[in-house]
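Breakdown of the fold
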Amino acid sequence: MAHHLSLLLISIIALGVFSQWIAWSLRMPAIVLFLVSGVMAGPVLGWMNPSADIGPVLSPIVGLAVAVILFEGGLSLRLHEFKEAAAGVRRLVTLGSMFAWALYSTAAYFVGDLSLPVSLLFGAILIVTGPTVIIPMLRQAGLNRRTASYLKWEGIINDPIGALLAVLVFQYFVLSGAYPGGGTQVFFELGLAILISLALGGGVGWLLGWAFNHIWVPEYLKAPLTIAFVLVIYGLASEIFAEAGLLAVTVMGMVMGNMSIAGMAELRRFKEYVTILLVSSVFIVLTADLDPKVLRHLDWHAAALVAVVLFVARPVAVFLATMFTDMEWRDRLLVGWIAPRGIVAAAVAGVFAPTLIRAGYGGAQQLLPLIFAIVFASVILHGFSLGRLARWLRLSVEPNGVLIVGASPWSTELARALSNELHVQVLLVDSSWHRLRTARLAGVRVLYGEVLSETIQQSLELNEIACMLAATSNDAYNALVCSHFSNSLEHDRVFQLPMYAADENNDSKVVARPLRGRPAFDESAQYEELWRHHFQSWQFYKTKLTENYGYEDLKNDRSSEAIPIAVLHDDRTLLLSPATGGARPDIGDTIIYYAPKRTDEDRRRARAERAEAASVRSASSAEGASEERDKESS
């Protein structure tokens with residue numbers, strides 16, 4: 001039995017993580033692969049049955065995992081994002097929840113043919129659009145920060161709100177059916193539970209952050225201690241009122257996420273790793289645990305109800321809630337369509353449905369299959385349409401920009417060439433207003449301030465950045481910047497100017513290699529050398545490769561001293577050239593390089609060489625065609 005359980009847990013974790021990896025490789029929503037993997041492993045092939053294999057501890061395990069996921073979601077809720085989208089977010093989590101509950105419940109009663117108590121519970125559960133599904137979608141959709149903040153705040157805040165409302169409705173009808181007047185006490189208990197959850201989560205979060213900042217906790221214990229407190233707070237609040245723990249841990253995450261806590265970057269990174277593992281594993285478990293028999297309760301009423309929820313109720317609720325706000329119509333349209341349901345909705349329905357069935361409420365046996373039908377439909381439809389709809393509405397940000405840290409004569413000229421001549425998005429950041437002056441006058445987009453400061457971090461739109469170059473004169477600072485941004489960008493997209501070979505071979509004089517970014521351009525492209533080339537009138541050149549003029553032709557034509565800078569692909573994606581050599585450019589790519597200024601004689605010689613090479617290729621082609629004709633005639 002123990003051996004079988006070990007294999008089951010290994011299979012769940014492996015399926016979840018491999019699904020994430022495959023989804024990233026195929027550029028598709030990971031949540032869709034979670035559903036497919038879980039259904040194939042459970043109901044279809046019968047490889048796993050979590051309820052039977054794990055037993056009664058499955059539900060508490062899922063609850064604890066959801067608590068950690070919501071805490072991590074609370075950590076990502078930054079107040080500066082709330083200020084940017086304040087009116088829309090407030091409406092979505094207040095009026096939006098009320099309108100959604102009313103519309104979902106009405107549709108369930110009249111279209112789904114459910115009883116009133118089951119309809120009200122159904123509507124409350126569907127308020128939940130939690131981070132377990134929203135965050136993986138946002139990670140791949142590339143939305144601009146304002147639009148993404150609407151969906152992120154709504155999903156994370158509405159998760160505990162919907163769960164608490166579902167508990168309220170459930171306990172009201174169960175208690176009122178058990179004895180007269182019992183249901184009215186639920187409202188008092190709910191209000192008390194909310195106050196206690198806010199105080200418990202917020203207070204413990206603040207105290208824990210204070211302890212971290214005053215070095216009461218060693219660095220290696222910060223992450224484990226945080227998880228321990230999350231679980232304790234979740235358990236305490238849930239003892240006071242069912243599901244109140246979800247609200248408490250969300251508030252705890254929000255408080256800690258907006259404190260200036262030492263080591264918060266490492267804590268966020270650890271929590272993100274844990275959350276990715278938990279989200280994928282829990283989704284595999286829930287879908288693998290789905291009993292095919294429950295789907296037999298679905299009929300045309302169910303199909304109609306799913307359609308009304310997705311295509312009518314949700315858009316109308318968002319439209320009514322956001323009227324007379326500064327929320328753009330494009331944001332309202334996208335938010336009105338995107339509302340995938342996930343773990344919490346399925347888990348709450350799974351807990352309440354059996355009790356309602358035993359109590360004899362009409363349509364209770366349809367509650368769980370209906371929720372799963374909406375989970376499947378919303379995840380698949382919204383997962384595949386979010387990116388396309390965002391691009392159609394021009395709410396997405398294409399990651400094809402370049403972030404350059406450090407303004408010097410050379411980096412300013414590079415930024416000008418990329419932005420003005422090649423129309424690549426470039427952002428030049430420096431803490432000296434004087435050094436940025438030339439770039440501003442040249443029309444380059446600049447950002448004044450320390451790139452590692454919290455203020456600059458809040459204003460940076462990293463979704464539009466494809467690669468980053470640290471180009472200051474301080475190698476250690478360049479390494480620090482690269483180490484910071486490698487958490488947000490892929491490590492192979494984070495570059496810094498190379499160090500001198502003499503320093504590179506002396507371990508006592510350089511930053512450790514794992515802490516540095518990739519050396520950019522060429523081993524000779526040190527800061528001082530680039531500065532010298534700039535004042536020797538070196539220039540940036542661009543050449544587009546064609547069938548008649550390939551990469552080898554370019555290498556033969558340009559100066560032997562030329563330094564490769566970047567490759568601009570047909571889709572406008574720009575990749576900086578690494579010093580250690582990158583992928584070979586293809587036909588259609590534009591090569592950017594830095595070389596000595598060419599004289600008129602150089603240009604004439606290059607044109608003559610290209611013409612001669614073209615004539616040789618033409619003669620060779622003609623000779624080959626003649627030989628083919630001779631063979632055919634013979």
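Okay, so let's go over this structure. All residue numbers refer to positions counted from 1 along the written sequence of the respective chain. Under the rules for a predicted model, residues below a pLDDT of 70 receive no local features and side-chain atom pairs below 80 are neither given nor counted, while totals for whole chains, interfaces and linings still include all residues. Heavy atoms throughout the structure, all of them, feed into the side-chain values; hydrogens and water do not.

1. What about the overall build of the protein chain?
Within the protein chain, the secondary structure is distributed over 26 helices and 10 strands. Type-normalised accessible area, obtained with a 1.4 Å probe on protein chains alone, sets the label of each residue: buried when under 20%, exposed when over 50%, and partly exposed for intermediate values. When burial is assessed residue by residue, the protein chain has 50% of its 634 residues classed as buried. Residue burial considers only the protein chains on display, and all accessible areas are found by Shrake-Rupley using a 1.4 Å probe. For the protein chain, the computed accessible surface area is about 29600 Å², with 61% contributed by carbon and sulfur atoms. Strands here mean DSSP runs of E at least two residues long; helices mean DSSP runs of H or I at least four residues long; both are numbered from the N terminus.

2. Topic: the sheet that holds strand 4 (residues 465–470)
Two strands make a pair as long as DSSP finds a minimum of two bridges between them. One open sheet accounts for 6 strands, arranged 3-2-1-4-5-6; its pairing is parallel. Edge strands, defined here as strands with exactly one partner in the open sheet, are strand 3 (446–448) and strand 6 (518–519). Pairing geometry for strand 5 (residues 494–496) and strand 6, over 2 bridges, is parallel. If you follow glutamine 496 over to strand 6, its bridge partner there is proline 519. The contact criterion used is simple: two residues touch if any of their non-hydrogen atoms lie within 4.5 Å. Every axis in this analysis is a line fitted to C-alpha atoms, fitted for helices over the stretch in contact. Angles between the N-to-C directions lie between 0 and 180 degrees. Its contacts with the sheet put helix 20 (residues 433–441) on strand 2 (426–430) and strand 3, and the angle it makes with strand 3 is roughly 165 degrees. Lying over the sheet, helix 22 (residues 475–485) contacts strand 1 (401–405), strand 4 and strand 5, oriented at roughly 180 degrees with respect to strand 5.

3. Regarding the pattern of salt bridges
In the sections that follow, a salt bridge refers to a side-chain nitrogen of Lys or Arg positioned within 4 Å of a carboxyl oxygen of Asp or Glu. Using the criterion set out here, one finds 11 salt bridges in the structure. Among the ionic pairs, glutamate 154 bridges to arginine 314, the shortest N-O distance being 2.7 Å. Highlighted residues: glutamate 154 in helix 10 (residues 145–178) and arginine 314 in helix 15 (residues 300–321), separated in sequence by 160 residues. On the basis of relative accessibility, which here comes to 4%, the residue glutamate 154 falls in the buried class. For the salt bridge of lysine 222 with glutamate 219, the shortest nitrogen-to-oxygen distance reads 3.2 Å. A residue is classified by how much of its surface remains accessible, and lysine 222, at 6% relative accessible area, is buried. One network of salt bridges, with partners in common, ties together Arg146, Glu328, Arg330 and Asp331.

4. Considering the sheet that holds strand 9 (residues 574–576)
The antiparallel open sheet is built from 4 strands, whose spatial order is 7-10-8-9. Sheet topology places strand 7 (539–544) and strand 9 at the edges, where each strand pairs with a single neighbour. Going from strand to strand, the sheet's axes swing by 25 degrees on average, the running direction of each strand aside. Two strands pair when backbone bridges link them, and strand 7 and strand 10 (residues 590–595) are joined in this way by 6 bridges, in the antiparallel orientation. The partner of tyrosine 541 across the bridge, within strand 10, is tyrosine 593. Against the sheet, helix 19 (residues 409–421) touches strand 7, strand 8 (563–568), strand 9 and strand 10, its axis set at about 30 degrees to strand 7.

5. Here we look at the packing of helix 15 against helix 16 (residues 329–337)
Two elements in contact, helix 15 and helix 16, have axes whose closest approach is 8 Å; the angle formed by their N-to-C orientations is 140 degrees. Regarding the angle of helix 15 to helix 16, the classification is oblique. When the axes of helix 15 and helix 16 are compared, the crossing they make is right-handed. Seen from helix 15, the contacting residues are Leu310, Phe311, Arg314, Pro315, Val318 and Phe319; seen from helix 16, they are Arg332, Val335, Gly336 and Trp337. A breakdown of the residues in the contact of helix 15 with helix 16 according to their chemical character gives 7 nonpolar, 1 polar and 2 charged. The cut-offs work like this: below 35 degrees is roughly parallel, past 145 is roughly antiparallel, 65 to 115 is roughly perpendicular, and the gaps in between are oblique. The sense of a crossing depends on the near helix, which, turned anticlockwise from the far helix by less than a right angle, makes the crossing left-handed and, turned clockwise, makes it right-handed. Throughout this entry, Asp, Glu, Lys and Arg are counted as charged residues, while Ala, Val, Leu, Ile, Met, Phe, Trp, Tyr, Cys and Pro are counted as nonpolar. The remaining residues, Gly among them, count as polar.

6. A few points about a nonpolar patch on the surface
Together, Ile13, Val17, Phe18, Trp21, Ile22, Trp24, Leu26 and Leu277 make up an exposed nonpolar region whose accessible area comes to about 840 Å². For the nonpolar patch, the element with the highest residue contribution is helix 1 (residues 2–26), accounting for 7 residues. Its place among the elements puts tryptophan 21 in helix 1. Residues enter patches when they are more than 30% accessible in relative terms and free of salt bridges; like-charged ones are connected within 9 Å and nonpolar ones (Val, Leu, Ile, Met, Phe, Trp, Tyr) within 5 Å.

7. Comments concerning the nonpolar core
By nonpolar core is meant a set of buried Ala, Val, Leu, Ile, Met, Phe, Trp, Tyr and Cys residues that side-chain atoms within 4.5 Å join together. In terms of nonpolar packing, the biggest core is built from 130 residues, with Leu121, Phe122, Leu143, Met256, Leu334 and Ile371 touching the most fellow members. Ranked by the residues each element gives to this core, the list is headed by helix 10, at 15 residues. Excluding residues within four positions of it along the chain, methionine 256 makes contact with Phe71, Leu75, Gly205, Leu208, Phe212, Thr226, Ile261, Met264 and Leu267. With 35 residues, the next largest nonpolar core counts Val402, Ala407, Trp538 and Leu574 among its residues.

8. Brief notes about helix 18 (residues 367–392)
The end-to-end C-alpha separation of helix 18 is 35 Å, in line with the 38 Å expected for 26 residues at 1.5 Å each. Across the chain, bend at a residue is computed as the angle between axes fitted to the seven residues ending at that point and the seven starting from it. Residue leucine 386 marks the point of greatest curvature in helix 18, where the axis turns by about 40 degrees. Two residues or fewer after helix 18 comes arginine 394, characterised by a positive phi angle close to 60 degrees. To estimate the expected span of a helix, count its residues, drop one, and scale the result by 1.5 Å.

9. Side note on the pairing of strand 10
The buried fraction of strand 10 amounts to 6 of the 6 residues, a majority that puts the element mostly inside the structure. Residues of strand 10 alternate between two faces, with Thr590, Ile592 and Tyr594 on one and Ile591, Tyr593 and Ala595 on the opposite face, all of them buried. Note that strand 8 and strand 10 share 5 bridges and pair antiparallel. Looking at the pairing, isoleucine 563 lines up with tyrosine 594 of strand 10.

10. Points about the environment of alanine 304
Mapped onto the elements of the fold, alanine 304 is located in helix 15. Classification of alanine 304 as partly exposed rests on a relative accessible area of 24%. Taking the C-alpha atoms as reference points, alanine 304 and valine 111, 193 residues apart in sequence, are found 6.8 Å from one another.

11. Looking at the environment of aspartate 430
If you trace the backbone, aspartate 430 turns up in strand 2. Aspartate 430 gets classed as buried once you look at its relative accessible area, which sits at 7%. Considering only alpha carbons, one finds aspartate 430 and threonine 472, 42 residues apart in sequence, at a separation of 9.1 Å. Within 3.5 Å is the distance limit for a polar contact, defined as a pair of N or O atoms, with the added protein rule that one can donate a hydrogen and the other accept it, and that residues adjacent in sequence qualify only through two side-chain atoms. Engagement of the side chain of aspartate 430 in a polar contact is seen with the backbone nitrogen of serine 432, the distance being 2.8 Å.

12. A word on the pairing of strand 4
By the criterion of burial, strand 4 is predominantly enclosed, with 6 of the 6 residues buried. Direction of pairing for strand 1 relative to strand 4: parallel, over a ladder of 5 bridges. Pairing of leucine 403 across the sheet is with methionine 468, part of strand 4. With 3 bridges connecting them, strand 4 and strand 5 associate as parallel partners. Paired with leucine 469 across the bridge in strand 5 is phenylalanine 495. When the strands point away from the viewer and the connection leading from the first strand across the helix to the second strand turns clockwise, the crossover is called right-handed. Crossover handedness for the path strand 4 to helix 22 to strand 5: right-handed.

13. Things to note about helix 22
Buried within helix 22 are the following residues: Asn478, Ala479, Val481, Cys482 and Phe485. In an axial view of helix 22, the angular spread of the buried residues amounts to 160 degrees, which keeps them on one side of the axis. Of the residues that open helix 22, the one with a side-chain oxygen 2.9 Å from the backbone nitrogen of alanine 476 is asparagine 474. Directions are taken from the helix axis to each C-beta atom, and the arc is the one they span.

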